[in-house]
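Coordinates in review
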Amino acid sequence: QVRLVESGGGLVQAGGSLRLSCAGPTNNFSFDSMGWYRQAPGKQRELVATITRGGSTNYSDSVKGRFTISRDNAKNTLYLQMNSLKPEDTAVYYCNLRVLFNYSWGQGTQVTVSS
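Below or above, wherever it landed, is the structure these notes cover.

How each quantity is defined
- Residues numbered from 1 in each chain as written.
- Predicted model: local features only at pLDDT ≥ 70, side-chain atom pairs only at ≥ 80, totals over all residues.
- Heavy atoms only, no water.
- Buried < 20%, exposed > 50% of the residue type's maximum accessible area, 1.4 Å probe, protein only.
- Helix = DSSP H or I, 4+ residues; strand = E, 2+ residues; numbered from the N terminus.
- Pairing = 2+ DSSP bridges.
- Core = buried A, V, L, I, M, F, W, Y, C linked by side-chain atoms within 4.5 Å.

1. Some details on the pairing of strand 11 (residues 109–114)
The two faces of strand 11 differ: Thr109, Val111 and Val113 on one face are buried, but Gln110, Thr112 and Ser114 on the other face are not. As judged from the four bridges shared by strand 2 (residues 10–13) and strand 11, these two strands associate in the parallel manner. Of the residues in strand 11, the one forming a bridge with glutamine 13 is serine 114. The sheet contact formed by strand 9 (residues 91–99) and strand 11 spans three bridges and is antiparallel. Its bridge partner being in strand 11, valine 92 is matched across the sheet by glutamine 110.

2. Let's talk about the nonpolar core
The biggest cluster of nonpolar side chains holds 26 residues, and the ones touching the most others in it are Met34, Trp36, Leu80, Met82 and Tyr93. Counting only elements with at least two residues in this core, the list comes to strand 3 (18–23), strand 4 (33–39), strand 5 (46–52), strand 7 (67–72), strand 8 (77–82), strand 9 and strand 11. Considering every element that reaches this core, the biggest residue donor is strand 9, with four residues.

Here's what the structure looks like:
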């Protein structure tokens, strides 16, 4: 297991923006991809966005054009810039790291979007 620590969640009005951060791992750690997932109350955890070690990105249709995933290798930090937030984006957001078929998860950070 790799230690991942999320931050940046909070309460925001619809149409607003937030930036989530996920610290870890160090640059000499070889991983295949990192990503953000979210889980709303009563729903299954779902993919939000992923980024490979080479920088290729993938987004769910529900956030495409509004969210941007990026990684600052110098700071060992993964980001999720969330713009034009909607009430349906309300969820706990989790950082994820994948090495082949092994996954590590952060503790999650709550994002609440009010209408």
